[in-house]
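So the chains spell out like this:
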Amino acid sequence: MFSKKHNQLLARVNFPLYAVHVLTERHILVAGGGGSAKTGIRNVIEIYELINDGSTCRAESVTHYETGSEAIMNCVIHNAGKYYLLFAGMEGNCHVYKIKYGISDEGMSIDSKQSGKPDNVKLRRKNKTDAADTGPSVTESDKPDANANVIHSKLFFDISKIDSFQTDFSEEPFQKLVRFSGSSNFLATGGADGHLRIWKHPKLNKVFDIAAHTDDVDDIDISPDGKQIVSVSRDGYGKVWDAQKGTLISDLKYELSSKASTKYRFRSCRFGIVDDKNDLSLFATLNPAVRSKPPSQCYICKWETKSFVQKKIVAAGTDMFSAMAINDNGRFIGLGTQSGSVKIYIAFSLTQIYNVERVHGIFVTGLEFLPTQEESRRITGGNETSLVSISVDNHVNIHHIPERPTMGILTLVFLFILTLFSIFVIMDTLNL
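Residues numbered from 1 in each chain as written. Predicted model: local features only at pLDDT ≥ 70, side-chain atom pairs only at ≥ 80, totals over all residues. Heavy atoms only, no water.

1. Considerations on the overall build of the protein chain
Definition in use: The helix and strand labels rest on DSSP assignments: H or I over at least four residues marks a helix, E over at least two residues marks a strand, and numbering proceeds from the N terminus. The buried label applies to any residue whose accessible area, calculated with a 1.4 Å probe on protein chains only, is under 20% of its type's maximum; exposed applies above 50%, and partly exposed to all values in between. Contacts are assigned to residue pairs that have any heavy atoms within 4.5 Å of one another.
Helix and strand counts for the protein chain stand at three helices and 30 strands. By residue count, 54% of the 432 residues in the protein chain fall in the buried class. Contacts in the protein chain between residues far apart in sequence, at least 24 positions, make up 50% of those at least 6 positions apart.

2. Details of empty space enclosed by the protein
For the record, the criterion: The rule is simple: put a 1 Å grid over the protein atoms alone, call a set of points where a 1.4 Å probe fits but cannot get out a cavity, call an open set with protein on both sides within 12 Å along at least five of seven lines a pocket, and count a residue as lining if it has an atom within 4 Å of a point. Grid points are joined across faces, edges and corners, and a volume is the space filled by probe spheres set on the points. Three classes are used, and their members are as follows: Ala, Val, Leu, Ile, Met, Phe, Trp, Tyr, Cys and Pro are nonpolar, Asp, Glu, Lys and Arg are charged, and the others, Gly among them, are polar.
Counted according to the given criterion, the structure contains one cavity of 30 Å³ or more. Approximately 50 Å³ is the volume found for the largest cavity. As for the largest cavity, its lining consists of Leu-370, Pro-371, Thr-372, Ser-376, Arg-377, Thr-380, Asn-383, Glu-384, Thr-385 and Ser-386. Put simply, the parts of the chain that give the lining of the largest cavity at least two residues each are α2 (374-379) and β29 (385-391). In terms of residue class, the lining of the largest cavity is built from two nonpolar, six polar and two charged.

3. Structural notes on the sheet that holds strand β19 (residues 247-251)
What counts, and what does not: Two strands pair under a simple rule: DSSP has to find at least two bridges between them. Working convention: axes come from line fits to C-alpha atoms, limited for helices to the stretch in contact. Angles between N-to-C directions cover 0 to 180 degrees.
Read from one edge of the open sheet, four strands run β16-β17-β18-β19, paired in antiparallel fashion. The open sheet terminates on both sides in strands that have one partner only, identified here as β16 (217-222) and β19. Pairwise comparison of adjacent strand axes, ignoring direction, gives a mean angle of 25° for this sheet. Across five bridges, β16 lies against strand β17 (residues 228-233) in antiparallel orientation.

4. Quick notes on the pairing of strand β13 (residues 186-191)
Most of β13 is tucked away, with six of its six residues classed as buried. Side chains Phe-186, Ala-188 and Gly-190 of β13 all project onto a buried face; the interleaved residues Leu-187, Thr-189 and Gly-191 project onto the opposite face, where all are buried too. Looking at chain direction, strand β12 (residues 175-181) and β13 are connected through six bridges and run antiparallel. Pairing of Val-178 across the sheet is with Thr-189, part of β13. Between the antiparallel neighbours β12 and β13 lie four residues, among them Asn-185 with a positive phi of about 55°. Bridging between β13 and strand β14 (residues 196-200) involves five bridges; their strand directions are antiparallel. Paired with Thr-189 across the two strands is Arg-197, which belongs to β14. In this antiparallel pair of consecutive strands, β13 and β14, the connection spans four residues, and Gly-194 shows a positive phi of 80°.

5. Some thoughts on the sheet that holds strand β7 (residues 83-90)
The strand order across the open sheet built from four strands is β6-β7-β8-β11, with neighbouring strands paired in antiparallel fashion. Each having just a single partner strand, β6 (74-79) and β11 (155-166) make up the two edges of the open sheet. Ignoring strand direction, the axes of neighbouring strands in this sheet form an average angle of 20°. Two elements, β6 and β7, share six bridges in a ladder whose sense is antiparallel. Of the residues in β7, the one forming a bridge with Cys-75 is Ala-88.

6. Details of the pattern of salt bridges
What counts here: Salt bridges are identified by distance alone: a Lys or Arg side-chain nitrogen within 4 Å of an Asp or Glu carboxyl oxygen.
If you walk through the whole model with that rule in mind, you get 18 salt bridges. A salt bridge links Arg-197 to Asp-193, with the nearest nitrogen and oxygen atoms 3.0 Å apart. Using a relative accessible area of 3% as the deciding quantity, one classes Arg-197 as buried. Note that Asp-218 is salt-bridged to Arg-234, the shortest N-O span being 4.0 Å.

7. Side note on the UniProt feature "repeat: WD" (unreviewed entry) in the protein chain
Spelled out, the test is: UniProt positions are given in the numbering used here, feature names are shortened, and annotations may be inferred rather than shown by experiment.
Those residues carrying the UniProt feature "repeat: WD" (unreviewed entry) are residues 178-200 and 210-251 in this numbering. Taken end to end, residues 178-200 has its terminal C-alpha atoms 13 Å apart, with 0% of it in helix and 65% in strand.

8. Here we look at unusual backbone geometry
A cis amide bond, omega 15°, links His-201 with the succeeding residue Pro-202. Note that Pro-202 resides in the loop between β14 and β15 (205-210). One non-glycine residue, Leu-204, lies in the positive phi region at around 60°. Even without glycine at this site, Asn-394 takes up a positive phi of about 75°. As for its position among the elements, Asn-394 is in the loop between β29 and β30 (395-401).

Below, the structure is given as structure tokens:
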């Protein structure tokens, strides 16, 4: 199992962190702050560029933006082509920010200038004595050789607020979750009033207002095709909804592996396509509803998504879960806990392969996997996947799963021939 040596501190900020999101293959956005309390702690959006320093990666702040008297508690990013849209939960409202990017001309090819897209930026070669690698992406045809370093053109970001609308209508309004469906162009929000609301993009007119739960909505997620939404709540229920009709598809039911009398409630939920593109699964975490002595087990559940029959459930220790993420190819699930620990599981088998206890000083507030594309993997040192974790302890950490060894086709052929040869020698020796 991978552990401490595979994690590192990326950045330390001076405000509590509540939200993290990948912006590009080499940029992450974090947000948080002291809220409306008169503590002197500012409310901030910070964008970091990840840079390979030869053996691992480091983070360099490229944009600092203050959000005024309210802190961002949750967010999602939509790539609109020439700019990004940040949908951010701040108290009972969803604030919309436009993030425009600019690319410096230095080191950029003609193709990149014409495209204007950050992921199309090319490289140019530099001598060993020149500046270090600082750009947003790399293409296969432009890979450097062993005797040359490269410099990328650099992205600059400009953030501006363009809209705001109320998404929660409880006595003390608080938007707890926001998700965006790129395939169906809608926004889903959940909050303290227990309602699931669907807003059509780009006008952001409300399509459905579903009284989904009787208590706070703790998490929501949207299936990759945009047809299903899952919501879990402090009321103990998990439900799957038809995003096109606004109707209930199924309640999430589970059977524990032990006959415990402890009551449980869902904490987090995520859809994930596990290896095979046709195998869409739904994952969720279960925490004991009440803390007890000795503490009860927490669980990870997995359902198939046609009839939502439970496929697997595993006990995952007594440290209660606080955050969840699944990577873009569906192979790994990241989990954060109340004690500040970070765990990574194989999605297919729900086998734990990574655990670092109390890497944060207090509960984990957010997790986000970096993309599995070539550029992100190059920056982080060729790891199979990398997970960013944040907490109100003001730390941004990154956790790596090294590339697991695989047996190539030539190795298999060689072993097959070697086996046949060994059998022949043995039979010849025994005169068989």
